[in-house]
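Okay, here's what each chain looks like letter by letter:
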Amino acid sequence: MGRRAILLLAILGLGVTASVAEARRAPKPKLRTVVITSEPDGATVYVDDTETGPRGETPLTLSLTAGEHVLILERAGYQTRFEALTVEWPKRRADQKKPQEVAFTLEPAVATLVVAEPEGAQVLVDAVEVGVAPLSVEVEAGAHAVQVVVAGREPYQEFVDFPGGEIMTITAILGPPLPAVDDGEEPPMVAPPRSAGAARALPLVASIGYQYGTRVVEYRASRTPATLLPLEQDGAAMLLGRLELGVGRLARVRALAPLALAVGVGVGVPQDVDSPGLGALTTTWQRLAADLWYRPTLVAPVQLVLGAGVVRERFAFDGSDEARAVVPDATYASLRGELGLRARLGPVVATATGEVRAVLAGGSLADRFAAADARAWGGRLGVEVALPAALVLGVEVGLVRTRWTFMADAAGTYDADGARDDVRGVAARVGRAF
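On a predicted model such as this, the values are computed, not experimentally measured, just so you know.

Observations regarding the overall build of the chain
- If you tally the helices and strands in the chain, you get four helices and 26 strands.
- In the chain, which comprises 434 residues, the share counted as buried stands at 38%.
- Pairs at least 24 residues apart make up 62% of the contacts formed inside the chain by residues separated by at least 6 positions.
- Accessible surface, the chain: about 23,900 Å² in total, of which carbon and sulfur atoms supply 60%.

Pasting the structure below:
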């Protein structure tokens, strides 16, 4: 029994020794001091998740392992912030002892709506009555549907993005008088009342318009002028239609509220083209586009405009085969990105943007050459005015320039180094917000 006990103790001792040695060999966690501050102070700080409980309030000093973390800051009256934090581990030992500092600015969770007139008008936010003008009332930051209602008049309606901490003043332009109703009848309701927790209305703007355009095509270093005729076209007309949906409001996330989806179509009116020696020749423009727009507020009343989408434009010619073989018949399929600014002053909204396009195909114009490569860019300037009865009137001017680089085919029927295709347009639209 004595020998067995000694043997058992020896085995246990070896196991403990091995465990201690293994623990000594395991790398120690790299802990660094992190100082977290916020404006204003007093924000509750969580690290990685809220289930483990708060770590304290700002200003706060913590020891965190080197690597990736998520900080969550909460404070009453302010929007919750979720921030990715990389705790760095410097190579120098002296730097490892220095605290890493991070600072955050909290955004107010509310904004202020001001409606000064018409005096006595009923004011609704997301179809919930908030008071009677003149009034100043706090609303949740984000996009809201605002209505100003006066008995017997077409109401004023607008979708407004309220930045946290900002004051938004609404200038209400009422519509024409509503039709009279028989005695005993209830007047039609502008918007059915609903609780503050009900889903908000989805903003929709539908518009139609007319565009007057010009197109100029010039070839660079053309060695076959008989088969590559330049073009100077003026007065091309298109009928326009457009729908824009505020899809970001469906997510009920403030950051997505400025997101919208727009679909547009253009149907051209056939136009005669001056073509000596080629017989009767007409041209027609067509356009189909789909874009996602994101318009966050930078500083009220200025918004950043970010856009991305696809566009297909057709510049078609109708005439004899001989004529169509030499004119710049093109079908552009492109991906585009747009960047600009948008500013609101009362009922007037001004927009200025620039765009770049990746041209994926050029149709017949590109097919004439062994190889063809194109890039395009342009810009737009526009003004919109909110009218009574939720109508919107807009005017816009734009330019898109496409630059081509060609490599001639072996037969040599078409031979040029490149081309420039400029399309300019002036468009007028009228639409209605629903």
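Looking at a nonpolar patch on the surface
- A cluster of nonpolar side chains, namely Tyr210, Tyr212, Leu239, Val265, Val267, Val269 and Leu288, defines an oily patch on the protein surface of about 630 Å² accessible area.
- Elements with a contribution of two residues or more to the nonpolar patch: strand S15 (204-220) and strand S17 (259-269).
- Here the nonpolar patch takes three residues from S17, the largest share from any one element.
- With respect to the element layout, Val267 can be found in strand S17.

Things to note about the pattern of salt bridges
- Here the structure, examined in full by the defined rule, presents 19 salt bridges.
- A cluster of three or more residues bridged by salt bridges with shared partners is formed by Glu218, Arg401, Arg420, Asp422 and Arg424.

Focus on the packing of aromatic side chains
- The full count for this structure, using the stated rule, is six aromatic pairs.
- With a centroid separation of 6.1 Å and an interplanar angle of 70°, the aromatic rings of Phe315 and Tyr332 are classed as edge-to-face. On the criterion of sequence distance, the pair formed by Phe315 in strand S21 (residues 302-319) and Tyr332 in strand S22 (residues 330-345) is long-range, its members being 17 residues apart. Of the two residues, Phe315 and Tyr332, neither departs from the other in class, the shared state being buried.
- Here the aromatic residues Trp285, Phe315, Tyr332, Phe369, Trp404, Phe406 and Tyr414 are joined through ring pairs into a cluster of three or more.
- If you follow Arg215 out to its NZ or CZ, it ends over the ring of Phe315, 4.5 Å from the centre.

Topic: unusual backbone geometry
- Looking along the chain, the bond that leaves Glu117 and enters Pro118 is cis, with omega of 5°.
- Note the cis peptide between Ala133 and Pro134, where omega equals 0°.
- Summarising the element assignment, Pro134 is placed in the loop between strand S10 (128-132) and strand S11 (135-140).
- The backbone of Asp126 sits at a positive phi, close to 55°, despite the residue not being glycine.
- Looking at the element boundaries, Asp126 is found in the loop between strand S9 (122-125) and S10.
- Unlike most non-glycine residues, Ala127 shows phi in positive territory, near 65°.

So, the side chain of Arg368
- As for its position among the elements, Arg368 is in the loop between helix H4 (364-367) and strand S24 (371-387).
- For the buried Arg368, no salt bridge exists, and the shortest N-O distance to an oppositely charged side chain is 6.4 Å, to Asp329.
- Here the side chain of Arg368 touches Val327 through a polar contact of 2.6 Å, landing on its backbone oxygen.
- Excluding anything up to four places from it in sequence, Arg368 contacts Tyr219, Arg324, Ala325, Val326, Val327, Pro328, Asp329, Asp409 and Tyr414.

Observations concerning the confidence of the model for the chain
- Within the chain, residue pLDDT values average 83, and 84% of them lie at 70 or more.
- Below a pLDDT of 50 lies the segment residues 186-201, which in the model reaches 28 contacts outside its immediate sequence neighbourhood of four places, other chains included.

What about the environment of Glu322?
- Looking at where Glu322 falls in the secondary structure, it is placed in helix H3 (residues 321-324).
- For the pair formed by Glu322 and Thr227, sequence separation is 95 residues and the distance between their alpha carbons is 9.5 Å.

Description of the sheet that holds S10
- If you trace the four strands from one edge of the open sheet to the other, you get S10-S9-S12-S13, paired in antiparallel fashion. Each edge of the sheet is formed by a strand with only one pairing partner; in this case those strands are S10 and strand S13 (156-162). In this sheet, neighbouring strand axes are inclined to one another by 30° on average, regardless of whether the strands run parallel or antiparallel.

Calculation rules
Residues numbered from 1 in each chain as written. Predicted model: local features only at pLDDT ≥ 70, side-chain atom pairs only at ≥ 80, totals over all residues. Heavy atoms only, no water. Helix = DSSP H or I, 4+ residues; strand = E, 2+ residues; numbered from the N terminus. Buried < 20%, exposed > 50% of the residue type's maximum accessible area, 1.4 Å probe, protein only. Contact = heavy atoms within 4.5 Å. Areas by Shrake-Rupley, 256 points an atom, 1.4 Å probe, with all protein chains shown as cover. Patch = residues over 30% accessible without salt bridge, like charges linked within 9 Å, V, L, I, M, F, W, Y side chains within 5 Å. Salt bridge = Lys/Arg side-chain N within 4 Å of Asp/Glu carboxyl O. Phe/Tyr/Trp six-rings, centres within 6.5 Å; stacked < 30°, edge-to-face > 60°. Lys NZ or Arg CZ within 6 Å of the ring centre and 35° of its normal. Lys, Arg positive; Asp, Glu negative; His and termini not counted. Polar contact = N/O pair within 3.5 Å; in protein donor to acceptor, adjacent residues only side chain to side chain. pLDDT = per-residue confidence, 0-100. Pairing = 2+ DSSP bridges. Axes fitted to C-alpha atoms, helices over the stretch in contact; angles between N-to-C directions.

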